[in-house]
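Breakdown of the fold
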Amino acid sequence: MPQKPDTTEIAIVGAGPAGVAAAVTAARAGASVTVLDEYARPGGQYYKQPAHADGGPTYPNSLASNIEQGRELLEGLSHPGIDLQCNTLVWNISADELVLDLCGPAGARALQAQCIILCAGATERVMPFPGWTLPGVIMAGASQLMLKAHGILPGKRFLLAGTGPLLQITAIQLLEAGAQIAALVELRSRTEFLRSAASLWRYRDKLGQGFANLQKLLQARVPIKFGHTIARALGENEVSGAVIMRVDGDGRPIPGSETTLKVDTICLNYGFAPATELPRIAGCEQYFDQDYATYATSTNDNLETSITGILAAGETRGMGGAEVAVIEGQLAGSVAAQQLGFSPPIDQNELFDKRLQARAVAATLGKMFQLKPGLCALVTDDVPVCRCEEVSAGEVRTAIRNGVVQLNQLKPWTRAGMGSCQGRICGDILRQIVASETGLPLQDIQPFTARAPVKPVPLEVVGGPVADTGTLTWEDHVGGYGVART
Amino acid sequence: MKAQRISKIERATPVTIIVNGQEIQAHAGESIAAALLAAGQRQISQNNKSSAARGYFCGMGMCFECVATVDGIPNVRTCITEVAPGCIVDTSS
């Protein structure tokens, strides 16, 4: 590892809506900004751009407008004050010195900043069921990414299952790309759905969008099954069908209500959870977001975390959506620039107001589409909960019956959360299962402790011994040491 | 199940990659996972413990279900790694 870290004025982690907005705002104020992003191209997931098209036309309608919006935001990154570093994973953060450890094209490096803005985004939530590890069961967002980034339709006949507005939006995008949709399965009953729509009455544009989406699906004769859940994915080595069931008010599947559908692809989404590994490693205080039932990073109104010099914007501080992320990015970029003595040409008061309004909409949506505890009944004892280590729900329940009440205690008992994904997929699910088995409120069940490296990196990067490098070279396109191609 | 490249969308330069010894056609900028799905290969890895088939799942590099050996480097996330001309992908281990 290098002796002396590189330096920058403002380091921004994540080039999604929040990070890009923060970078552009701070750079326009005069600050030198370094933006670090794990992926090959900026935009995050929401504003993922087509991988190959320069002004590629012909994308299906609703995707094209999303891509266009993203392109406009991303154009700001060409500001000379912004150094965008892609394919760069921030795998550790040290709060005392404001140093980030990086793994990227130049190998292992460290970067010291005067101010850090964490814009790490969010991850999709799912609930397991028998067959959920089969190839062809994917996250709804993953199907959108295939469409957006690659113009590839990841199946022919789809089932969408879970809860919340993303399912409808995804269904429309898949339809426009030529997919058949066997059903859209929404956990909420029709009555709950309408009742919660009423709670959105103050935000008429959101409500209007929601109804327009529903109408599009009904016009396309997509069967929308309210008060249902996916219960099983069928198939040997890949998906060939699915069983859906009706659920009661708690989300518990009702025996005898099974319907079998012939599908080749199943897209899941149960909302999102904030990515908080880096702020937690830094020691930033967390709070429990009641609306989304997830932990998130605490900040004051200026988006400063409990650690001096570290700000957070967007989903990292609680689910809010892309609109909130852009507003908070602008605010954080402006606050950071001000801290360094620049005068950002931006009206912070106006941003405060816009932020409050956008956050209020997000909070209403969060309350509408929370997970339901009865879904744990689908996670029968034979279902692997931790996909990496193949830890079954039965093993987890045995540990709980023996006294385990926190996720960290599950690790030595079962190895759940100890695989490559480091609990990113199963952490939230395990909290649901512990809550359902013990009766403890979700708030009392802490997430897995976050530790560096945030994601797996080659041993050489964390300072381990470098294997025989005689034949190994750093491969930019893969992000690791490998054998040079001939 | 073969994923479909949507016909109306313009593609970048064709690129050939080698997957388990077989040539597969892809386009510059595509992820390795996208190229595999479009070629009809859905199983990308197998679980270390049970050897069960696993594939593209989260699409954003967090679940590590689509890892393969690429140019001799193990555990490469194919969903966020772009194809390079002639790159050698091994999904058998």
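Starting from 1, residues in each chain are numbered consecutively following that chain's sequence as written. Chains and ligands are labelled by the order in which they are written, letters from A for the one and numbers from 1 for the other. Only residues with pLDDT of at least 70 get local features here, since the model is predicted, and only at 80 or more are side-chain atom pairs given and counted; chain-wide, interface and lining totals rely on the full set of residues.

1. Structural notes on the overall build of chain A
Across its full length, chain A carries 12 helices and 24 strands. Over its C-alpha trace chain A gives a radius of gyration of 23 Å, about what one expects of a compact globule, namely 23 Å for 486 residues. Along the first, second and third principal axes, the C-alpha atoms of chain A reach 65 × 50 × 50 Å. Evaluated residue by residue, chain A yields a buried proportion of 55% over its 486 residues. Numbering of helices and strands runs from the N terminus; a helix is a DSSP stretch of H or I covering at least four residues, while a strand is a stretch of E covering at least two. What the globule rule says is 2.2 Å times the number of residues to the power 0.38, and the radius of gyration is computed from C-alpha atoms. For every residue, the other C-beta atoms within 10 Å of its own C-beta are counted; 20 or more classify it as buried, 12 or fewer as exposed, and values in between as partly exposed. C-beta atoms are placed from the backbone.

2. Focus: the overall build of chain B
On a plain count of helices and strands, chain B comes out with 1 helix and 8 strands. Element order for chain B, N to C, with α for helix and β for strand: β-β-β-α-β-β-β-β-β. Projected onto the principal axes, the alpha-carbon positions of chain B cover approximately 40 × 25 × 20 Å. Note that contacts rest on C-beta atoms placed from the backbone: two residues are in contact if these are within 7 Å. A separation threshold of at least 6 residues defines the contact pool for chain B, and within that pool the share at least 24 residues apart is 38%.

3. Comments concerning the interface of chain B and chain A
At the junction of the two partners, chain B supplies 49 residues and chain A supplies 48 residues. Counting residues per element, the ones that place at least two in the side of chain B that touches chain A are β1 (4-5), α1 (32-38), β5 (53-54) and β7 (73-77) of chain B. Strands are treated as partners if at least two bridges between them are detected by DSSP. In terms of strand pairing, strand β9 (residues 152-153) of chain A meets β1(B) through 2 bridges, oriented antiparallel. Bridge pairing links A:L153 to B:Q4 in β1(B).

4. Some points on the sheet that holds strand β15 (residues 259-261) of chain A
Strands belonging to one sheet form pairs held by backbone hydrogen bonds; the direction of such a pair is parallel or antiparallel. Residues and elements named next belong to chain A. In space, the 3 strands of this open sheet follow the order β13-β14-β15, with antiparallel pairing throughout. Edge positions in the sheet fall to β13 (228-234) and β15, since each has one partner strand and no second. The mean inter-strand angle of the sheet, taken between neighbouring strand axes irrespective of direction, is 30 degrees. With 6 bridges connecting them, β13 and strand β14 (residues 241-246) associate as antiparallel partners. Across the sheet, residue I230 finds its bridge partner in β14, namely I244. Fitted lines through C-alpha atoms serve as axes, helices being fitted only where they are in contact, and the angles separating the N-to-C directions of these axes extend from 0 to 180 degrees.

5. So, the sheet that holds strand β11 (residues 180-186) of chain A
Residues and elements named next belong to chain A. A sheet is described by the order of its strands in space; here 5 strands give the open sequence β8-β16-β10-β11-β12, paired in parallel fashion. Of all the strands in the sheet, the pair left with one neighbour each is β8 (137-139) and β12 (224-226). The mean angle between the axes of side-by-side strands here comes to 20 degrees, regardless of whether they run parallel or antiparallel. Relative to strand β16 (residues 265-269), strand β10 (residues 157-162) is paired through 5 bridges, and the arrangement is parallel. The residue bridging L160 from the neighbouring strand is C267, located in β16. Each of β10, β11 and β16 is contacted by helix α4 (residues 165-176), which is oriented at about 175 degrees to β11, the strand it contacts most.

6. Thoughts on the domain arrangement of chain A
All names here are of chain A. Reported domain spans reflect what an automatic or database domain assignment gives. According to the domain assignment, chain A consists of domain 1 (6-122 + 273-346), domain 2 (126-270), domain 3 (379-444) and domain 4 (457-486). For domain 1 versus domain 2, the distance between C-alpha centres works out to 30 Å. Taken together, the contacts link 9 residues of domain 1 with 11 residues of domain 2. Any residue that is not Ala, Val, Leu, Ile, Met, Phe, Trp, Tyr, Cys, Pro, Asp, Glu, Lys or Arg is counted as polar, Gly included; the first ten are nonpolar and the last four charged. Its residues placed into classes, the side of domain 1 that touches domain 2 shows 5 nonpolar, 3 polar and 1 charged.

7. Side note on unusual backbone geometry
Cis geometry is adopted by the peptide bond preceding A:P453, which originates at A:A452 and carries an omega value of -5 degrees. In this fold, A:P453 is placed in the loop between α12 (426-438) and β23 (472-475). Even without a glycine there, the phi angle at A:Q422 is positive, about 55 degrees. A:Q422 gets classed as buried once you count the C-beta atoms within 10 Å, which come to 21. A positive phi is found at B:D71, a non-glycine position, where the angle reads about 50 degrees. A count of 20 C-beta atoms within 10 Å places B:D71 in the buried class.

8. Concerning the nonpolar core
All names here are of chain A. Linking buried Ala, Val, Leu, Ile, Met, Phe, Trp, Tyr and Cys residues through C-beta atoms within 7 Å yields a set, and such a set is a nonpolar core. If you look at the biggest cluster of nonpolar residues, it comprises 179 residues, and the most contacted ones within it are I12, I117, L159, L160, I266, A313 and V385. In terms of residues, this core owes the most to one element, helix α8 (residues 322-339), which gives 10 residues. Setting aside its immediate chain neighbours within four residues, L159 contacts A182, A183, V185, I230, A242, L261, V263 and I266.

9. Some remarks on the packing of α4(A) against helix α6 (residues 204-219) of chain A
Residues and elements named next belong to chain A. Two elements in contact, α4 and α6, have axes whose closest approach is 10 Å; the angle formed by their N-to-C orientations is 45 degrees. For the element pair α4 / α6, the angle class is oblique. Our pair here, α4 against α6, has a crossing hand that is left-handed. Residues P165, Q168, I169, A171 and I172 of α4 pack against G210, N213, L214, K216 and L217 of α6. Looking at the contact of α4 with α6 residue by residue, the class counts come to 6 nonpolar, 3 polar and 1 charged. Angular relationships are summarised with four words: roughly parallel below 35 degrees, roughly antiparallel beyond 145, roughly perpendicular across 65 to 115, and oblique for the angles in between. Each helix crossing is assigned a hand: it is left-handed if the near helix lies turned anticlockwise from the far helix by less than a right angle, otherwise right-handed if that turn is clockwise.

10. Comments concerning α8(A)
By this rule, a helix spans an expected 1.5 Å times one less than how many residues it contains. Taking 1.5 Å as the rise per residue, α8(A) with 18 residues should run 26 Å; its terminal C-alpha atoms sit 25 Å apart, in good agreement. Within α8(A), 15 of the 18 residues are buried, leaving the element largely enclosed by the surrounding structure.

11. Points about the environment of A:G162
All names here are of chain A. Locating G162 in the fold gives a position in strand β10. According to the C-beta neighbour criterion, G162 is buried, with 27 such atoms within 10 Å. Sequence-wise, G162 and D301 are 139 residues apart; in three dimensions their C-alpha atoms are separated by 33 Å. The contacts of G162, once residues within four sequence positions are left out, are A140, L167, L187, L268, N269 and Y270.

12. A look at the pairing of strand β18 (residues 286-289) of chain A
Regular strands place side chains that alternate from one sheet face to the opposite one. All names here are of chain A. Inspection of the sheet shows β18 paired to strand β19 (residues 294-297) by 4 bridges, in the antiparallel sense. By the bridge assignment, D289 is partnered in β19 with T294. In this structure, the hairpin formed by β18 and β19 is closed by a connection of 4 residues, where A293 is found at a positive phi of approximately 55 degrees.

13. What about the packing of helix α10 (residues 393-401) of chain A against helix α11 (residues 407-414) of chain A?
Residue and element names in this part refer to chain A. For the pair α10 and α11, the least separation of the axes is 10 Å and the interaxial angle reads 115 degrees. In terms of their interaxial angle, α10 and α11 are classed as roughly perpendicular. In this structure, α10 crosses over α11, and the sense of that crossing is right-handed. Touching E395, V396 and A399 of α10 are L410, W413 and T414, all from α11.

14. Re the environment of A:I310
Residues and elements named next belong to chain A. Among the secondary structure elements, I310 is positioned in strand β20 (residues 310-312). C-alpha of I310 to C-alpha of D205: the two residues are 105 residues apart in sequence and 34 Å apart in space. Each residue touching I310, except ones within four places of it in the same chain, is listed here: A95, I116, L118, A282, C284 and T305.

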